[in-house]
Amino acid sequence: MVCTCKFVVLSKFIGCISDSPVFYMLLISFVTLCFYFVAFKKYSVMPWLTVLLFVSIGDYYGMFNLTRQVLAAAICFWATKYINESKIDGIKYAIC
């Protein structure tokens, strides 16, 4: 429910900037990929291989049918850095 509210707020914000569906999908795609790539760079031993596998056999092509869920999954994946650290900061994880 919280992720849905954040997605609606993000959608409204993008709608204030532009009403173009191309711009909307471009910005959502950029945000989603940025979250994935930041997490790949931090947690993967071979980040470029991880990106190659993500694009070739991963969720990349299918994710635009499930934009909201995949964006939420990317944010959660990126936020795992707050869980994996020895000092868990619940506020930062909850914000992410």
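In case you missed it, the structure is sitting above this.
Each chain carries its own residue numbering, running from 1 in the written order of its sequence. Where local features are concerned, this predicted model is filtered to residues with pLDDT of at least 70; where side-chain atom pairs are given and counted, the filter is 80 or more; whole-chain, interface and lining totals use all residues. Here the side-chain values reflect all heavy atoms present in the structure, with hydrogen atoms and water set aside.

In this description a helix means any DSSP run of H or I spanning at least four residues, a strand means any run of E spanning at least two, and both kinds are numbered starting from the N terminus. Secondary structure assignment for the protein yields 5 helices and 0 strands. Ordering the α and β elements of the protein from the N terminus gives α-α-α-α-α. Exposure classes here rest on a 1.4 Å probe applied to the protein chains alone. A residue is buried below 20% of its type maximum, exposed above 50%, and partly exposed in between. Across the 96 residues in the protein, those meeting the buried criterion constitute 23%. Throughout, a residue-residue contact means that at least one pair of heavy atoms, one from each residue, lies within 4.5 Å. Excluding contacts between residues fewer than 6 apart, the proportion of contacts in the protein whose partners are at least 24 apart in sequence is 53%. As displayed, the protein has an accessible area near 6800 Å², and 73% of this comes from carbon and sulfur atoms. Accessible areas in this description were obtained via Shrake-Rupley with a 1.4 Å probe; residue shielding takes into account the shown protein chains only.

Given two aromatic rings, one states the distance between the centres and the angle between the planes to describe the pair. Stacked, tilted and edge-to-face are the three classes assigned to paired rings of Phe, Tyr and Trp, where Trp is represented by its six-membered ring and a pair needs centres within 6.5 Å; plane angles under 30 degrees give stacked, over 60 edge-to-face, the rest tilted. Here the structure, examined in full by the defined rule, presents 2 aromatic pairs. Where F37 meets F40, the ring centres are 6.3 Å apart and the plane angle is 50°; that geometry is what we call tilted. Here F37 and its partner F40 are both found in helix α2 (residues 21-43), 3 residues apart, which amounts to about one turn of the helix. Through successive ring pairs, a cluster of aromatic residues spans Y36, F37 and F40.

Another aspect to go through is the environment of A74. Here A74 shows up in helix α4 (residues 67-84). Distance from A74 to F37, taken between C-alpha atoms, is 9.3 Å for residues 37 residues apart in sequence. Setting aside chain neighbours within four positions, we find A74 in contact with T32, F35 and Y36.

What follows concerns a nonpolar patch on the surface. A surface patch of nonpolar side chains, about 660 Å² in accessible area, is lined by V45, M46, L49, L52, L53 and I57. For L53, the position within the fold is in helix α3 (residues 47-57). A residue is classified by how much of its surface remains accessible, and L53, at 42% relative accessible area, is partly exposed. Here, patches come from residues exposed beyond 30% relative accessible area and free of salt bridges, joined within 9 Å for like charges and within 5 Å for nonpolar side chains (Val, Leu, Ile, Met, Phe, Trp, Tyr). Basic side-chain nitrogens of Lys or Arg form a salt bridge, by our definition, when they fall within 4 Å of a carboxyl oxygen of Asp or Glu.

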